[in-house]
Amino acid sequence: MWSNLPLFPPRASSMAGHVDALYFFLVAVAAFFTVLISALILFFAIRYRKERHPHAVQIHGSTALELLWTGIPLGIVMIIFVWSSVIFFMQTRPPKGAMEIYCVGKQWMWKFEHTGGQREINELHLPAGRDVRMIMTSQDVIHDFFVPAFRIKADVLPGRYTSTWFHPTVPGRYHLFCSQYCGTNHSQMVGTVVVMDPVDYERWAAGGVDGSLASAGEKSFQQYGCSMCHRADMAGRAPNLVGLFGKPVLLDDGRTVTADESYVRESILNPGVKIVSGFKNIMPTFQGQLTEEEVIGLVAYVKALGNGTANLPLPVSNPDSGNYPVAPKAEPSAAKSDQGAPAAEPATKSTPVNPPAQP
Ligand SMILES: [Cu+2]
């Protein structure tokens, strides 16, 4: 019945009911005490007015009363605490197998990338009935991804990935807002989330794509010379990335971290921070040389290498030029000529095929 009230946005995700229930409980508790306290003020003002009680009777403490007015509020706030914690944990733990959408916020627009390679600006098409995980970053300042109909809101920060998830339930068009003041045109940093029937979505997703996000990442991987050191044959000077994603990684300082999106991103842009055990700190930083979209492509590629849906390209041809790419700025052109070359060379190493079998 509440969803018919125009006061509230539509409920279009699995989370909406939970958030609303807690919200209405909070409103009910506040309303109950507002009414109770107002009524008691009125009642006491009339009942104990001066003409009837010229001398107030002093009461010196009542253990029962004090226990009551400590215990009841404690009980109520504990209910709120546990209830909201349960919702918080639901909201911060994306279910396994969620489809992933990469999002880049910038003054003043939302850019979205699907793993299938579809790109959108200020519009996000999604199928109803599937878990969706957003992996988000900002190109400039702090933004905030807010879809009222899904009852979700998550900060989008420059220099790192934040993540949220939802499960759209009802096809329709829903408002997307930036809910963090981010400059002059903050109020225009809006968009639409289009939740579609799964069949319609498949049709939409099939149109006009020239390769997946991971394949775009694979191109960058070769273009920037990553494949010279991150090799599948264990002969490289850098860790083998096949099967890496999602696994624990032992660092040279003894710590163990999980190879998630943030780890891959940091290792590209700030490689000296976490050195994998057994390797040297020799990788140059790619800070300032890659766009957020290129980083996202590389992350998607490393992820695909992790779950076996992509292969490492073979080391670029001319293995005799075993120089480490110390000047990555010059790499793209060099890599390009390498990429262009194989067509004229024996076809053995031109295209990424299955890497040498590794245990
Ligand atoms: Cu913004």
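From a predicted model like this one, the values you see are computed outputs, not experimental measurements.

K.L.:
Is there a simple way to think about helix α4 (residues 213–223) in this case?
P.N.:
Residue pairs three or four apart in sequence face the same way in an α-helix, which turns once every 3.6 residues. Counting buried residues in α4 gives eight out of 11 residues, a clear majority hidden from the surface. Every buried residue belonging to α4 is among Leu213, Ala214, Gly217, Glu218, Ser220, Phe221, Gln222 and Gln223, and all of these are buried. Just downstream of α4, Gly225 is the residue with a positive phi angle, here 80 degrees.

K.L.:
Would you mind showing me how to read the sheet that holds strand β1 (residues 99–106) here?
P.N.:
Across a sheet, paired strands are connected by hydrogen bonds in the backbone, their directions being either parallel or antiparallel. Within the open sheet, the five strands sit side by side as β3-β2-β1-β5-β8. Their pairing is mixed. Where the open sheet ends on each side, the last strands, each with one partner, are β3 (119–121) and β8 (162–166). If you compare each strand with its neighbour and ignore which way they point, the axes differ by 25 degrees on average. Of the pairings in the sheet, the one linking β1 to strand β5 (residues 132–138) comprises seven bridges and is parallel in character. When the sheet's bridge partners are listed, Gly105 is paired in β5 with Ser138.

K.L.:
When you look at the packing of helix α5 (residues 261–269) against helix α6 (residues 292–306) in this model, what are you seeing that I'm missing?
P.N.:
What describes two packed helices is the angle between their axes and the distance between those same axes. Packing of α5 against α6 brings their axes to within 10 Å, and their N-to-C directions diverge by 120 degrees. In terms of orientation, α5 lies oblique with respect to α6. Regarding α5 and α6, the two cross each other, and that crossing is right-handed. Residues Glu261, Val264, Arg265, Ile268 and Leu269 of α5 touch α6, and the partners they reach there are Glu292, Val295, Leu298, Val299, Val302 and Lys303. Classifying every residue of the contact of α5 with α6 gives seven nonpolar, no polar and four charged.

How each quantity is defined
- Residues numbered from 1 in each chain as written.
- Predicted model: local features only at pLDDT ≥ 70, side-chain atom pairs only at ≥ 80, totals over all residues.
- Heavy atoms only, no water.
- Buried < 20%, exposed > 50% of the residue type's maximum accessible area, 1.4 Å probe, protein only.
- Helix = DSSP H or I, 4+ residues; strand = E, 2+ residues; numbered from the N terminus.
- Pairing = 2+ DSSP bridges.
- Axes fitted to C-alpha atoms, helices over the stretch in contact; angles between N-to-C directions.
- Parallel < 35°, antiparallel > 145°, perpendicular 65-115°, else oblique.
- Left-handed = near helix turned anticlockwise from the far one by under 90°.
- Contact = heavy atoms within 4.5 Å.
- Nonpolar A, V, L, I, M, F, W, Y, C, P; charged D, E, K, R; others polar.

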